[in-house]
Amino acid sequence: MERRNWRRRFHTVVQQAGKNERIATGGVMRVIPAIDLKDGRCVRLRQGDMAAETVYSEDVPSVARRWQQQGADLIHVVDLNGAVDGEPKNLPQIEAVMKTVSVKVQVGGGIRTIETVRRYLHAGVARVVLGTAALTDRKFLAQACQEFPRRILLGLDARDGKVAVKGWTAVSETKAIELLKELAGLELGAVIYTDIARDGMLNGPNLTALGEVVACSLIPVIASGGITRVEDLQAVQALGPRVEGAIVGKALYDGKLDYAAAVAAIGQR
Ligand code: AMZ
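Computed from a prediction, not measured in an experiment: that's the story for all the values here.

1. Considerations on the overall build of the chain
Looking only at helices and strands, the chain features 12 helices and 14 strands. When burial is assessed residue by residue, the chain has 47% of its 269 residues classed as buried. Across the chain, contacts joining residues at least 24 apart in sequence account for 65% of those joining residues at least 6 apart.

And the structure:
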């Protein structure tokens, strides 16, 4: 019930150009802390390079608890080994997070079958992210969206504008924007756009690419990659009401961004 209300508060369905569109309303944008899992630990990578890791904690649930205590109402969890291997690899840690926090959790990385989607969503995960499968298995993506409307997020990870897959170990020939346009008919909950070159680099988001995504998207957009300063959040928010959130990782872990200050700066309630 509470979860349903959350969604209603977030989005309004509007009729525009004959299409149903969901847009974030009331200028609400969420700062979403990221928990990236590798070998059972909370890490941050640079540009998604599995060899360039910084371990932040071995105690993953306590990290999640910390973000909840600081006021986050949604946490973004990525199973990095899962993304590379094509199946969940950090399930015990994700289950422990679910037991520890009461806030919403979204999970991505290695979700390639409908059984895995069901398993996560039936276990209380609010939404799941499909990246690789969104490009390679359109039938599965459509089935997941049909079975769980608006609880599937498109993970659009771009290297030089092209879609990267398999834990970013491979780059396709497909332009991220083209994939987004192709999937316009699906009942996706949002698109998470990550510029890989910016991820973990603490040098700001790719506002040009994000602007393009916002302009093309019929669904809410979540910005990811490089968001470091309060000004970055404000710039992302200024892209318009379609931006429903910003995922922040390294800046929070390194203390470059204070969660409360971030939330205050963008007026999140
Ligand atoms: O950092 C990485 N190498 C990385 C990463 N953060 N690789 C994948 N991912 C995330 C994507 C998305 O949320 O941003 O994993 C998810 C996609 O996983 P998959 O298995 O569906 O492609």
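And the narrative resumes.
2. A short note on the packing of helix H10 (residues 230-237) against helix H12 (residues 259-266)
Contact pair H10 / H12: the axes reach a minimum separation of 9 Å and the direction vectors enclose 35°. For the pair H10 and H12, the sense of crossing is right-handed. The residues of H12 that touch H10, namely those facing Val 230, Leu 233, Gln 234 and Gln 237, are Ala 261, Ala 262, Ala 265 and Ile 266. Each residue belonging to the contact of H10 with H12 can be placed in one class, and the counts come to six nonpolar, two polar and no charged.

3. Here's the deal with the site of the ligand
Inspection of the region around the ligand gives 20 residues, with Gly 48, Gly 108, Gly 131, Thr 132 and Gly 155 positioned closest. If you list the elements that add at least two residues to the shell around the ligand, you get helix H3 (80-85), strand E8 (127-130), helix H6 (132-136) and strand E9 (152-159). Of the residues belonging to the shell around the ligand, the class tally is 10 nonpolar, nine polar and one charged.

4. Observations regarding unusual backbone geometry
Phi at Arg 150 is positive, roughly 65°, even though this residue is not glycine. The residue Arg 150 is located in the loop between helix H7 (138-147) and E9 in this model. Backbone geometry places Trp 168, a non-glycine residue, at a positive phi of 70°. Considering the arrangement of structural elements, one finds Trp 168 in the loop between strand E10 (162-165) and strand E11 (170-175). The buried category is assigned to Trp 168, around which 23 C-beta atoms lie within 10 Å.

5. Quick word on the pairing of strand E4 (residues 41-46)
The two faces of a sheet get side chains in turn, since along a regular strand they alternate between them. Relative to E4, strand E3 (residues 30-38) runs antiparallel, the two sharing three bridges. Counterpart to Leu 37 in the pairing with E4 is Cys 42. With antiparallel pairing between neighbouring strands as the criterion, E3 and E4 make up a hairpin whose turn holds two residues, including Asp 39 at a positive phi of roughly 50°. Pairing of E4 with strand E5 (residues 49-57) involves five bridges; the strand directions are antiparallel. The residue of E5 that forms the bridge with Leu 45 is Glu 53. Adjacent in sequence and paired antiparallel, E4 and E5 are bridged by two residues, among which Gln 47 carries a positive phi angle near 50°.

6. As for the environment of Glu 115
Among the structural elements, Glu 115 can be located in helix H5 (residues 114-122). For the pair Glu 115 and Ala 144, spaced 29 residues apart in sequence, the C-alpha to C-alpha distance is 9.7 Å.

7. Observations regarding the packing of helix H2 (residues 60-69) against helix H4 (residues 91-100)
Between H2 and H4, the least distance of the axes is 8 Å, while the angle of their chain directions is 40°. Between H2 and H4, the angle falls in the class oblique. Between H2 and H4 lies a crossing of right-handed hand. In contact with Val 60, Pro 61, Ala 64 and Arg 65 of H2, H4 contributes Gln 93, Ala 96, Val 97 and Thr 100. Taken together, the residues that form the contact of H2 with H4 break down as five nonpolar, two polar and one charged.

What counts, and where the lines are drawn
Residues numbered from 1 in each chain as written. Predicted model: local features only at pLDDT ≥ 70, side-chain atom pairs only at ≥ 80, totals over all residues. Helix = DSSP H or I, 4+ residues; strand = E, 2+ residues; numbered from the N terminus. Buried ≥ 20, exposed ≤ 12 C-beta atoms within 10 Å, placed from the backbone. Contact = placed C-beta atoms within 7 Å. Axes fitted to C-alpha atoms, helices over the stretch in contact; angles between N-to-C directions. Left-handed = near helix turned anticlockwise from the far one by under 90°. Nonpolar A, V, L, I, M, F, W, Y, C, P; charged D, E, K, R; others polar. Near = placed C-beta within 6 Å. Pairing = 2+ DSSP bridges. Parallel < 35°, antiparallel > 145°, perpendicular 65-115°, else oblique.

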